[in-house]
Amino acid sequence: MRLHVLAKATSRLRQAWIDRSEDGGYRRYVVYMAFVSILAVFALILWDDGFLSWSNLLNIGRQAAPIAVMAVGMAFALASAEIDLSIGSTVALSSLVAAVMVADYGFFVGALAAVLVGASVGLVNGLVAVKIRIPSFLVTLGTLGIISGIARNMNNLQSMPIRNDTFSALFGAGSLGPISSLVIWTAVAFAVGHFALHHLRWGRHVLATGANRASAKAAGLNTDRIRISALMVSSTAAAFAGVLLAGRLAIGRHDLGENDLLTVIAAVVIGGTSLFGGRASIAGAVTGALIMAMLNNGLILMGLEVADQLIARGFIIIVAVALSMRAPSESVGDDVP
Amino acid sequence: MTAPALSVRNISKSFRAVQALDDVSLDIHPGRVTALLGDNGAGKSTLVKCIAGVYQPDSGTISVDGTVHRIATPDVARSLGVETVHQNLSLIDTLNVAENLFLNRERTRGGGFGARIGLLNKRRMLRECESTLAKLGIVIPSLRRPVGLLSGGQRQAIAIGRAVAWGQRIVLLDEPAAALGVEQAQRVMDLILSLRDAGVAVLLITHNMDRVTAVSDNAVILRQGRKAAEVELDQVSKDDLVAFITGAKAG
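All figures in this text were calculated on a predicted structure; none of them were measured in a lab.

Caption draft 1: Main features of the overall build of chain B. A tally of helices and strands in chain B yields nine helices and 10 strands. Here chain B has a C-alpha radius of gyration of 18 Å; the compact-globule value for 251 residues is 18 Å, and the two agree. Principal-axis analysis of the C-alpha atoms places the extent of chain B at approximately 60 × 40 × 35 Å. Of all 251 residues assigned to chain B, the portion counted as buried reaches 55%. Long-range contacts, defined as pairs at least 24 residues apart, comprise 63% of the intrachain contacts of chain B with a sequence gap of at least 6. Counting every atom, chain B has about 10800 Å² of accessible surface; 47% of that belongs to carbon and sulfur.

Caption draft 2: Spotlight on the interface of chain A and chain B. With 31 residues of chain A at the contact, the number on the chain B side is 39 residues. Summed over both partners, the interface of chain A with chain B buries about 2700 Å², with 56% contributed by carbon and sulfur atoms. The interface formed by chain A and chain B holds one salt bridge in total. Applying the counting criterion to the chain A and chain B interface returns 10 residue pairs in polar contact (both at pLDDT 80 or more). Elements supplying a minimum of two residues to the side of chain A that touches chain B: α1 (2-22), α7 (181-199), α8 (201-211) and α9 (213-218) of chain A. With six residues, α8 of chain A is the largest single contributor of residues to the side of chain A that touches chain B. Per-class residue counts for the side of chain A that touches chain B are 14 nonpolar, 10 polar and seven charged.

Caption draft 3: Looking closely at the layout of surface pockets. Residues and elements named next belong to chain A. The volume enclosed by the second largest pocket comes to roughly 820 Å³. Lining the second largest pocket are 34 residues, and of these K217, L221, N222, T223 and D224 lie nearest its centre. A total of six residues in the lining of the second largest pocket trace back to one element, the largest contributor, which is helix α10 (residues 223-249).

Caption draft 4: How the structure looks around the packing of aromatic side chains. Residue and element names in this part refer to chain B. Taken as a whole and assessed by the stated rule, the structure comprises eight aromatic pairs over all chains. Each ring, one from F15 and one from Y55, has its centre 5.2 Å from the other, and the planes form 70°; the classification is edge-to-face. Within this pair, whereas F15 is found in strand β1 (residues 6-15), its partner Y55 is found in the loop between α1 (44-52) and β4 (59-64), the two being separated by 40 residues in sequence. Note on Y55: relative accessible area 26%, which makes it partly exposed.

Caption draft 5: The sheet that holds strand β7 (residues 170-174) of chain B, seen in detail. Residues and elements named next belong to chain B. Here six strands make up an open sheet; going across it, the order is β6-β7-β8-β3-β9-β10 and the pairing mixed. Each end of this open sheet is capped by a strand with a single partner; those strands are β6 (82-85) and β10 (226-232). On average, adjacent strands in this sheet sit at an angle of 15° to one another, irrespective of strand direction. Running over the sheet, helix α7 (residues 182-197) touches β3 (33-37), β7 and β8 (201-205) and is turned about 155° from β8. Along the sheet, helix α9 (residues 238-246) makes contact with β3, β9 (218-223) and β10, crossing β9 at roughly 25°.

About the thresholds
Residues numbered from 1 in each chain as written. Chains lettered and ligands numbered in written order. Predicted model: local features only at pLDDT ≥ 70, side-chain atom pairs only at ≥ 80, totals over all residues. Heavy atoms only, no water. Helix = DSSP H or I, 4+ residues; strand = E, 2+ residues; numbered from the N terminus. Rg over C-alpha atoms; globule rule 2.2 N^0.38 Å. Buried < 20%, exposed > 50% of the residue type's maximum accessible area, 1.4 Å probe, protein only. Contact = heavy atoms within 4.5 Å. Areas by Shrake-Rupley, 256 points an atom, 1.4 Å probe, with all protein chains shown as cover. Buried area = accessible area lost by both parts, 1.4 Å probe. Salt bridge = Lys/Arg side-chain N within 4 Å of Asp/Glu carboxyl O. Polar contact = N/O pair within 3.5 Å; in protein donor to acceptor, adjacent residues only side chain to side chain. Nonpolar A, V, L, I, M, F, W, Y, C, P; charged D, E, K, R; others polar. 1 Å grid on protein atoms, 1.4 Å probe; cavity = no way out; pocket = protein on both sides within 12 Å on 5 of 7 lines; lining within 4 Å. Points joined across faces, edges and corners; volume = space filled by probe spheres on them. Phe/Tyr/Trp six-rings, centres within 6.5 Å; stacked < 30°, edge-to-face > 60°. Pairing = 2+ DSSP bridges. Axes fitted to C-alpha atoms, helices over the stretch in contact; angles between N-to-C directions.

All quantities given are derived from atomic positions and should not be read as evidence of function.
And the structure:
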């Protein structure tokens, strides 16, 4: 009896292994291997600089958090074969909205308003992309500029302080035991994203729409609504990342998140999400964000000049993406009988 | 003869300057296989897409069981019991076999709340997928494998299996055996015959005259968007069919 169960379990494991290894092979795991190897390399060469110290690891976690939250959202946009270039400016707008609203209405309304502003950015992005049939690449390039301008006008390029201890504690500065609230929010974003992608009908429909919109339509899916919702998830996540940055720094500012777009896209793509739709990994996106933060941290600790950091990071990202991306033709059974 | 399961009346459809369908009418009957024939560009796929709700005809009506319906979306067609295997337009490569079979018909768990948020019941879908495919004699090594990794024959078998599993009444097949090997094409033809025997109304598009004569009861021939002929297959020869298609002979 026990043997029988064991045999069944092994054969199931074996089948899962075959399924997985054929579906992208080792590439699926590149992001985790990259994470471990970069961690190991830094741990070795930066041993004396305290790379592995609790405080430094926490530092990396804190840095990674907003990127990871944005990456979870971006994974859905990419999964639906859209892209959201406006996330950086949405972060800034969200931080400013939070700052304004927290001052008058408290932490809860402040955070809620910021996130709702993000959701409406996504709604506008999605509606324009779908109804006027402009690629989301161009729509969000436009809204990137518009929102960035609005954010700059909101407080004349000045930082807006946030003096609300609850807000700061909840969204960045505080911690639960030894674990920063930022890390907890990252875990929440991962759990929600992973669940939505794998266990909700909506997640499957996002992937179907991204993989083959015509087929998805023929199967009766409302691909317009799905694409809009995916862009809304992306901008809502970005707005929440804005809340986290506002909480950690206790300010709202027009340039928060400004340079995060490419970092986020790199994190998501290294994590195994296709730039062309139909394939996404939330765990990969979060791990990708951790890799980005780790690189940042490690290269600074190594004492590299900013210019050299940029160069080193660029090379590492290219190598990681090259290893984790798959050529589209590889996935289709070419051996049609 | 039984009343038609599906009647198309005077359907026209144009794409800008191109008149793809011009006043086409046809009936398909329960328990019969109707072949839809015609050269490339004759309007066969356009007609199927109009019936399936992918395109909207400019004029004309479609009725199911004698009632006229406006098939505004593929969902409406499905709810009327019309299932379609489109040419190159059926499966999602990155989803697995079970997910494809249940695309837009996902089984949920967690009661009413689960159904509302769309909480997937993966185990049930895998189980039902397995039994459905087994019933149809379709063998797929693993239902958890993305269909993009399967062979052309397996993919087509799944696409047809999906239509067959859900299409209890009317099934439209657009070139279901194209790009298949001999043995697999034969499998597909067997499936079509068993559908017919189960009382399903089948509309079959194919270029292969041998297959037409082997499985079809009657044929509608389109030529440049118009209906060129409608014949019972036991009354014409293969050469006649070819003559209708090329226009050498008028109906």
